[in-house]
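Chain and residue survey
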Protein chains: 2
Amino acid sequence: MKAQEKLNRKTEKALHICVGLDSDINKIPGHLKTKSNAILEFNKRVIDATYKHAAAYKINFAFYENWGLEGFRTLEETINFISNEVLIIADAKRGDIGNTSKKYAESVFDYFKCDAVTLHPYMGYESVEPFLQYENKLNFILGLTSNPSASDFEKQKLENGKYLYQEVIVKTNEWNQKSKNCGLVFGATNNEELKNNIDSFGNMPILLPGVGAQGGSLEDVIKIFYSDKKNNFIINISRGLLYIDESENFEAKIKDKIIEYNQLVEKHIP
Amino acid sequence: MKAQEKLNRKTEKALHICVGLDSDINKIPGHLKTKSNAILEFNKRVIDATYKHAAAYKINFAFYENWGLEGFRTLEETINFISNEVLIIADAKRGDIGNTSKKYAESVFDYFKCDAVTLHPYMGYESVEPFLQYENKLNFILGLTSNPSASDFEKQKLENGKYLYQEVIVKTNEWNQKSKNCGLVFGATNNEELKNNIDSFGNMPILLPGVGAQGGSLEDVIKIFYSDKKNNFIINISRGLLYIDESENFEAKIKDKIIEYNQLVEKHIP
C-alpha cells in the first residue's frame, strides 16, 4: 500500500498522533531494564498499547545507532513488530550526493522497509532525488525545525525576501509534482509561523515535531489545520507519551494518554 | 591523540589524500566478489595498500548501511582494521535536535570510534553542539558541497549579501572557538569559489570532495592552498582510486596511484 494511503486511512479517522520511538534506556521503567533487550521489550509494549490509536510511528534512528550492532538489530526487530497497517517513518535525517543518497534510500526503504523518511535539504535536489524514485514512499523534507537554533540558518532571510525554510518549502512542492511522495517537517512551536505558512504546504503531508516537551500546543496545531480544512498532518509525540509513567503498568497509562490526545483532536473536528 | 594532531602529522609530510571508502560491491574486482565478506576483503586490501600514503580515511556510512546488519558489521571491522595513526572520518552527514545529535555523536565517536564526522548545518548550533563536546575529535560541517544542486540552497544569496554556505562558514568559525575541533567540507569543483573563500576558513581543516570523478583538479586545489600558505586540508578521492583496476593485482595499482597523487602534491610544495 502507498505510504500516503496508509496515512490517509488514519487521518480520515481523525488519528493524527505519531508515536516517536526515541527509546532511551535511562528513561524506560526500571522493571524493564534488567531484560536482555530492554529497549525492544519497551518498544513492543509501547506499540501494543498504541497501534490502534496511532497515525504513525516515527523511529529516531540515533537512539538505536548509539548502541551499534545491537541497536541496529533492535531497530530492525522494532520495525518488524509494527503492524503493516501503520506508517513507519525512519527519522534518520539523511542527505548526501546522488550516488550516496541512493544507498541511504536502499537502507531505509529496501532493508529496513520503512514507509517514509526524514531528509536534510541542504545539498539540494540531487540529495533527495534517489528517495523520490520510491514512488510509494513518503519523503519528509526538513522545512522549519522545532529547535531554537533553527534561527541560525533556516530563518535566515534570502535576497528574494523569503526565509530559507520557505525556499525549501517552495522547492519541495516542485519535487512533489511527479510522484506526490513528498512531505514536510514543520516545527509546531510557534502558531503564527504555522498559520503564515500553511497555505504553502499544498496537499503535502506535514510532520510536526515540537509539541509537548518542546513547548508547542497540540490543540493549537489541530485548530490551525482544521480551520484551513486540512487533515494531512501528523503530530509527533515522543517524551510526552513514552515516559509519562515508570510503574509496571506503564503501558496502560500510555494507552490512556494517546486516547486522551485523540479525544483532544476529536473536539476540534469541524 | 587529538584528531587534529593525527592530521597534522600527515600534512606536515605533505600527505593530503583522503581515501574515500565508498566501497560498492558492483565495482570491486570480480575475483573478490565470491568471498564471504567481499567488501571487507576489498577494504582491507585498499587499506594495506594505502595506509602509509594516506592523510586520512573517509568512510561513507551509506555504503554500509544499505546492507543492514551485515553492513554495520563490515563498517565496524573496517574501522578496527585501520591503523590508529590515521584519521578516520565518519562521512555520515548527521544532524538533528540536541538530544538526538548526542546519540549520533555517541554512535560515531564512542561506538564506532571514528576521529571525525561530517555534519549537516541546516538545524543550526544545537544540532552540532553535542559533537563539539568531544574536544579531541574533528567535526566537518558541510559548507559548499560538490554537487550541481548545491545551488538550490547553499548558493542562495542571503539578505546580508552572503551566500548561505558563507554564513555557514562564519558560524562554523564561531563554533570552532572553544575547542578548535571544527572543520569544513568545501567542494573542489570550482577554483574561483575556493580562492574567494579560502581566507574565511581560518586555520580550520578543510575536507575537499569533488576531485576526480566529480571534475575538480587536484593540482589546482593544492596550488590554491599552498599559495595561501595553508596546509590544513585533505582532498578526498574515492572513485578515482578504488576502482581504477579490476585485476587480481589491483592493490598494487591503487598503491601506485596514491603515490602518484602524492608526487603531484610534492611538486607544489612552496
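This text follows the structure it describes.
In this text, all values refer to a predicted model and were calculated from it rather than measured experimentally. (Residues numbered from 1 in each chain as written. Chains lettered and ligands numbered in written order. Predicted model: local features only at pLDDT ≥ 70, side-chain atom pairs only at ≥ 80, totals over all residues.)

**Comments concerning the pairing of strand β8 (residues 233-237) of chain A**
Residues and elements named next belong to chain A. For β8, the buried fraction is high: 5 of the 5 residues fall into the buried class. Residues Phe 233, Ile 235 and Ile 237 of β8 are buried on one face, and the alternating residues Ile 234 and Asn 236, pointing to the opposite face, are buried as well. Alignment of strand β1 (residues 17-21) against β8, held across 3 bridges, turns out to be parallel. Paired with Cys 18 across the bridge in β8 is Asn 236. (Buried ≥ 20, exposed ≤ 12 C-beta atoms within 10 Å, placed from the backbone. Helix = DSSP H or I, 4+ residues; strand = E, 2+ residues; numbered from the N terminus. Pairing = 2+ DSSP bridges.)

**Considerations on the sheet that holds strand β3 (residues 87-94) of chain A**
Hydrogen bonds between backbone atoms are what pair the strands of a sheet, whose relative direction is either parallel or antiparallel. All names here are of chain A. Reading around the barrel, the 8 strands line up as β1-β2-β3-β4-β5-β6-β7-β8 and close back on themselves, with parallel pairing between neighbours. If you compare each strand with its neighbour and ignore which way they point, the axes differ by 30 degrees on average. For strand β2 (residues 56-60) and β3, the ladder comprises 5 bridges, and the chain directions are parallel. Its bridge partner lying in β3, Ala 56 is registered against Leu 87. Contacts from helix α6 (residues 125-132) reach β4 (116-119) and β5 (138-144), with the element oriented near 150 degrees to β5. (Axes fitted to C-alpha atoms, helices over the stretch in contact; angles between N-to-C directions. Contact = placed C-beta atoms within 7 Å.)

**A short note on the nonpolar core**
With 174 residues, the main nonpolar core has Tyr 57, Ile 89 and Ile 235 of chain A together with Tyr 57, Ile 89 and Ile 235 of chain B as its most contacted residues. Among residues more than four places away in sequence, those in contact with Tyr 57 of chain B are Cys 18, Val 19, Leu 21, Ile 82, Val 86, Ile 88 and Ile 89 of chain B. (Core = buried A, V, L, I, M, F, W, Y, C linked by C-beta atoms within 7 Å.)

**A short note on the relation of the copies chain B and chain A**
For the pair chain B and chain A, the superposition axis carries a translation of 0.0 Å, the fit reaches an RMSD of 0.0 Å, and the rotation angle comes to 180 degrees. Accordingly, the operation relating the two chain copies is best matched by a two-fold axis. A share of 100% of interface residues in chain B that are also interface residues in chain A marks the association as one of identical surfaces. (Least-squares fit on C-alpha atoms with pLDDT ≥ 70 in both.)

**Concerning the packing of helix α2 (residues 38-50) of chain B against helix α4 (residues 69-81) of chain B**
All names here are of chain B. In the contact formed by α2 and α4, the axes pass within 10 Å of each other and the chain directions differ by 20 degrees. If you check the angle between α2 and α4, you find them roughly parallel. Considering how the two elements wind past one another, α2 and α4 form a crossing that is right-handed. Along the contact surface, α2 presents Ile 39, Leu 40, Asn 43, Lys 44 and Ile 47, while α4 presents Thr 74, Glu 77, Thr 78 and Phe 81. Grouping the constituent residues of the contact of α2 with α4 by class yields 4 nonpolar, 3 polar and 2 charged. (Parallel < 35°, antiparallel > 145°, perpendicular 65-115°, else oblique. Left-handed = near helix turned anticlockwise from the far one by under 90°. Nonpolar A, V, L, I, M, F, W, Y, C, P; charged D, E, K, R; others polar.)

**Thoughts on the sheet that holds strand β5 (residues 138-144) of chain B**
On the basis of which strands lie adjacent, the closed barrel formed by 8 strands has the order β1-β2-β3-β4-β5-β6-β7-β8 (chain B) and parallel pairing. Neighbouring strand axes in the sheet, compared pairwise and without regard to direction, differ in orientation by 30 degrees on average.

**Looking at the interface of chain B and chain A**
Across the boundary between the two partners, chain B contributes 47 residues, which contact 47 residues of chain A. Elements with a minimum of two residues in the side of chain B that touches chain A: α3 (62-65), α4, α5 (98-111), α6 (125-132), α7 (150-153) and α8 (164-176) of chain B. Looking at the side of chain B that touches chain A residue by residue, the class counts come to 18 nonpolar, 15 polar and 14 charged.

That's the geometry; what it means functionally is another story.
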